[in-house]
Amino acid sequence: MNIEECLPNGLGARPLRMADARAVYQVMAALERAEIGSADIEEADIVADWQRPSVDVPSVTLGVFAGDRLVGYAEAARDGRCDAAVHPDWHGRGIGTALARWMQHRSRELGASRVGMPVPQGGTGDRLLQALGYHVAWTSWVLRLPEGADIEPRALPDGHVVRVARPEEYRAVHQVVDEAFLEWADREPQPYEDFEAGVLRRPGFEPWQVRVVARSDGIVGAAVLVMARDEEGAPVEGYVDKLAVRRGRRGLGLAQALLVDAFTLAREHGAPAVGLATDSRTGALSLYAKVGMVVTQTWVHRAIDLG
């Protein structure tokens, strides 16, 4: 597919590379500010994702440029979990449609049978994908604990403790998280090396951010906390990026204890807000309500089958 034939005159396109992460962040942040009123994305999110060994950035990405300025970006994937963004200043020129077509074409080449991506409900991306025939596959919610809300301790069953993960336990943490997510996510198991790159080598990572529920026979629950920061490096939010409890140990309050632990630590490290995201496939929305969280954003994952 020659995408340049689908773009307005004067625009060019090329595969992206790691050095473009900053420019992609700027496009995505500008779009989020326009769509949801704030930029939740960080450059570190893109770097952490792209540095995973399973990601060959030039082969799965495409950037649209006006001269040297990136104005649109798209990312294809073998598992069909794609992403794209067009700077708000360049909306209405057909760039988004061209990138959506490219994502379908490239993902099909990679072996995907369906493609989709998350977009704010009712936003420009949602309306565009709906017009292109994408259906809502699931709904996602961003939740936050209201600033200043009390964080009530949660008791653990006898023999369980919440603590920082030791380096020799990182593989067990990955196993707990990946096995839990595979119960509802339609994807292949994640290699440990991808977990290592995306979590342990994420810019800004500190060991205290990986938390576990442990007992004498091993790790039965885990949480990964990300400290989101502004452009000056000041913490703005403690974000629970991953949360999982082993099957057979659920319903004992372990997830709530991990959440309370993460919230407390985030505040102790200077984050004024704490949050996370979940979706309708997990059935976990009520869990977060129990610890006082409220929905602040609604997103939809729109998808389309590839013929």
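Look above for the structure.
Residues numbered from 1 in each chain as written. Predicted model: local features only at pLDDT ≥ 70, side-chain atom pairs only at ≥ 80, totals over all residues. Heavy atoms only, no water.

How should I be thinking about the sheet that holds strand β2 (residues 61-66) in this particular structure?
On the basis of which strands lie adjacent, the open sheet formed by four strands has the order β1-β2-β3-β4 and antiparallel pairing. Every interior strand has two partners, whereas the edge strands, β1 (12-14) and β4 (83-86), have only one. Direction aside, the axes of adjacent strands within the sheet are offset by 25 degrees on average. Both β1 and β2 contribute to a ladder of three bridges, which runs antiparallel. The partner of alanine 13 across the bridge, within β2, is valine 64. Along the sheet, helix α4 (residues 95-110) contacts β2, β3 (69-75) and β4; its crossing angle with β3, the most-contacted strand, is approximately 35 degrees. (Pairing = 2+ DSSP bridges. Helix = DSSP H or I, 4+ residues; strand = E, 2+ residues; numbered from the N terminus. Axes fitted to C-alpha atoms, helices over the stretch in contact; angles between N-to-C directions. Contact = heavy atoms within 4.5 Å.)

In this structure, what is going on with the sheet that holds strand β5 (residues 114-120)? I would like to understand it.
Strands pair in a sheet through their backbones, by hydrogen bonds, and they do so in one of two ways: parallel or antiparallel. Taken in spatial order, the eight strands of this open sheet run β5-β12-β6-β11-β10-β9-β8-β7, and their pairing is mixed. Among the strands making up the open sheet, the edge pair consists of β5 and β7 (161-164). Within this sheet the neighbouring strands show an average axis-to-axis angle of 25 degrees, counted without direction. Bridging between strand β6 (residues 135-145) and strand β11 (residues 274-279) involves six bridges; their strand directions are antiparallel. Paired with tryptophan 141 across the bridge in β11 is threonine 278. Across the face of the sheet, helix α5 (residues 124-131) comes into contact with β5 and β12 (294-305) while running at roughly 150 degrees to β5.

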